[in-house]
There are 2 protein chains.
Amino acid sequence: MTEAVAIKKLSGPKLNFKNGTIDLAHGSGGRAMAQLIDQLFLVAFNNEWLNQKNDQAAFSVSSGRMVIATDAHVISPLFFPGGDIGSLSVHGTINDIAMSGAKPLYLSASFILEEGFPLADLQKLVTSMAHAAKQANVAIITGDTKVVERGKGDGVFITTTGIGMVPEGVHISGNQAKPGDHVIVSGYVGDHGVAIMSHRNNLQFQTTIQSDTASLHDLVACMIHAAPNIHCLRDPTRGGLATTLNEFALQSQVGFMIDERKIPIRTEVASACELLGLDALYVANEGKCVAICDPSDTEKLLAAMMSHPLGLHADVIGEVIEDHRHFVQLKTKIGGMRIVDWLAGEQLPRIC
Amino acid sequence: MTEAVAIKKLSGPKLNFKNGTIDLAHGSGGRAMAQLIDQLFLVAFNNEWLNQKNDQAAFSVSSGRMVIATDAHVISPLFFPGGDIGSLSVHGTINDIAMSGAKPLYLSASFILEEGFPLADLQKLVTSMAHAAKQANVAIITGDTKVVERGKGDGVFITTTGIGMVPEGVHISGNQAKPGDHVIVSGYVGDHGVAIMSHRNNLQFQTTIQSDTASLHDLVACMIHAAPNIHCLRDPTRGGLATTLNEFALQSQVGFMIDERKIPIRTEVASACELLGLDALYVANEGKCVAICDPSDTEKLLAAMMSHPLGLHADVIGEVIEDHRHFVQLKTKIGGMRIVDWLAGEQLPRIC
């Protein structure tokens, strides 16, 4: 975003984006809040709906099936290799929308700022959000800003909510997996969580591990175009691939048989996991999806995914089986077998 | 909500709603989070959309004009005379939707919990949300839960986002005020902010001042039925009546002439304001609206409002005037005149 912000009539003096900080007045509803909205949010997110300047945004919809998704983002640190809480808050909610097969349309964004937070950092994060939204062709059309006292928050929390429209004939849901279905993952797992944890622990590797944070709706649109009858689709965020498969197992009343050798994991991520004592299967991703489809759809689905930049390393990692216990089973690399259970405690706090 | 929660297959042991507290695992994506969702949120908010158990909720829409609004709630204390952060988080967003004239349809709710927060309090708040949503006939259909470490939050923050449909022919917006229009307020101003501040300061009055927190969509529906051409409508929350009028002045490029004698303020609220050094015009409301209409609509609009329980004390408090400076002017009780300017600093932190 440019420093040359368009000062609106009311706004009065220009905010000090270089050395200024958030104070309680920025959440008051008064002049300081109006300045923040006019000089930061309206400039960065600039669109006709936000410029309505009402407490809600109005837009036209056609009849059909709509989805709504919301995500609070509390990731720490706010800036990390491959992204920041701003872009993540856009990608995260767009992905929740996209996993229904829907085309994301609009986002709302709500900020909880801690007193003393540098305006320069807020500007960076808001600019990053705006960039992520623009890339995804999704507008951030309404929002809210609250400020809490120093020590009652942690810099900034961002909650985004998105809506989208599901194309006719698409009925993706976690309860559609059937025994015999194939399980496809769109690429390397564990990148996001390991990037954050390595950064927090100051671990150095030959290459910096980057978060995979990205909007997946375009990949999903290609997938649906190739195979409109995808049964299930989900982004394995908190709790990772293991949690997503366990959720599907429970929702669809099935089991899974996964082949560890087929799960794409980067060497450096695997090494970092070993160092950090993490199991990559439980580590959060922010730019990957798991798809479950009828075997007759696998070939065309996989081809569509692999022809998209965000699905280059897609692979079939296993299949759905009958199992009244709803277990996720893993054929290990050394030929053994283990149950991949639900995560019991907390593995990675504040990972998204 | 009942204690006899329906334990779902996965959930395992029952959460200890009497003495338990939130820990980081409740935000992990694993078993503890699934327990919290199954045993608390699904039970309290119980509806077909939430029971889809996907990361997004799907529903049918008809074509038309839709609105979306979002609000982060960070009020302190969490429980206050007349309400709590749970009910407030429902009313606040429903009201933002309603102020466009829209019928609210669905809400999302996103929780940022602090480690150590009592499960008993969370259950109370979630029950209160569920009750407020049910009363308003609006379903909470999707959500998210995050947990931050002790000292990085403040109990619970709740962000709600709502969507609604605007009836055909209704075009309410803050930029529609015209010189000559009448300004109507739906009842006593200042109750919410003064209730919170009195509670915080341990002030005792003859009667406890209660927050006016309430969903206004039904009142608004009656108003629109009586006068479909309402020009502007807004709930004067943070920054109070003064801020709403200043916003309208700027959006509509007009001025206001308000008669202080006509502004309904409870005696005990006026007394408390004096004690606390507050100006009631800047104090937050959570169950009031300001309407601006053509004088030809005033009589029927006022009659409709006064026949509704939430509009009993509605009154015309002034009119829109031409003013290129966009000033809000007040004829004071003693016959003077003063400018009601934008709030400069922070009057009441964490009031909503």
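In the block above lies the structure referred to throughout.
Rules used throughout
- Residues numbered from 1 in each chain as written.
- Chains lettered and ligands numbered in written order.
- Predicted model: local features only at pLDDT ≥ 70, side-chain atom pairs only at ≥ 80, totals over all residues.
- Heavy atoms only, no water.
- Helix = DSSP H or I, 4+ residues; strand = E, 2+ residues; numbered from the N terminus.
- Rg over C-alpha atoms; globule rule 2.2 N^0.38 Å.
- Buried < 20%, exposed > 50% of the residue type's maximum accessible area, 1.4 Å probe, protein only.
- Contact = heavy atoms within 4.5 Å.
- Lys, Arg positive; Asp, Glu negative; His and termini not counted.
- Charge placed at Lys NZ, Arg CZ, Asp CG, Glu CD.
- Pairing = 2+ DSSP bridges.
- Axes fitted to C-alpha atoms, helices over the stretch in contact; angles between N-to-C directions.
- Salt bridge = Lys/Arg side-chain N within 4 Å of Asp/Glu carboxyl O.
- Buried area = accessible area lost by both parts, 1.4 Å probe.
- Polar contact = N/O pair within 3.5 Å; in protein donor to acceptor, adjacent residues only side chain to side chain.

Asks: Please explain the overall build of chain A as it appears in this structure.
Replies: What chain A contains, in helices and strands, is 8 helices and 14 strands. Computed over C-alpha atoms, the radius of gyration of chain A comes to 21 Å, within 12% of the 20 Å expected from 2.2 N^0.38 for 352 residues, which places it in the range of a compact globule. Over its C-alpha atoms, taken along the principal directions, chain A stretches across nearly 70 × 50 × 35 Å. Per-residue burial over chain A gives 63% buried out of 352 residues. Across chain A, contacts joining residues at least 24 apart in sequence account for 84% of those joining residues at least 6 apart. Here chain A holds 27 positive side-chain charges and 36 negative ones, and the gap between their average locations is 5 Å.

Asks: What's the story with the sheet that holds strand β11 (residues 290-293) of chain B in this structure? I'm lost.
Replies: Sheet strands pair via backbone hydrogen bonds, and the direction of the pair is either parallel or antiparallel. Residues and elements named next belong to chain B. Sheet architecture is open: 7 strands sit in the order β9-β11-β8-β12-β10-β13-β14, paired in mixed fashion. Both edges of this open sheet fall to β9 (232-234) and β14 (337-339), since each of them pairs with a single strand only. Ignoring strand direction, the axes of neighbouring strands in this sheet form an average angle of 25°. With 4 bridges joining them, strand β8 (residues 182-185) and β11 adopt antiparallel strand pairing. Looking at the pairing, Val-185 lines up with Val-290 of β11.

Asks: Looking at this structure, I do not really get the pattern of salt bridges. What am I missing?
Replies: Note on pairing: side chains with opposite charge can pair once their charged atoms come close. The tally for this structure, following the rule as stated, stands at 35 salt bridges over all chains. With a closest N to O distance of 3.8 Å, A:Lys124 and A:Asp121 form a salt bridge. In this pair, A:Lys124 and A:Asp121 both sit in helix α3 (residues 119-135), 3 residues apart, roughly one turn of the helix. B:Lys146 is paired through a salt bridge with B:Asp144; the nearest N and O atoms lie 2.7 Å apart. A relative accessible area of 7% means that B:Asp144 is categorised as buried. Several salt bridges share partner residues, and in doing so they unite A:Asp71, A:Arg238, B:Asp144 and B:Lys146 into one network.

Asks: Would you take a moment to explain the interface of chain B and chain A for this structure?
Replies: Interface size is commonly expressed as the accessible surface area that is lost when the partners come together. The partner chain A presents 77 residues to the 77 residues of chain B that form the contact. Buried surface at the junction of chain B and chain A, summed over both partners, amounts to about 6,300 Å²; 56% is from carbon and sulfur atoms. Inspection of the chain B/chain A interface yields 11 salt bridges. Of the charged contacts, one joins A:Glu149 and B:Arg350 as a salt bridge, the two residues approaching to 2.7 Å between their closest N and O atoms. Our count for the chain B to chain A interface comes out at 37 residue pairs in polar contact (both at pLDDT 80 or more). Elements with a contribution of two residues or more to the side of chain B that touches chain A: α1 (31-45), β1 (57-61), β2 (64-73), β5 (103-114), β6 (139-148), β7 (156-166) and α6 (240-252) of chain B.

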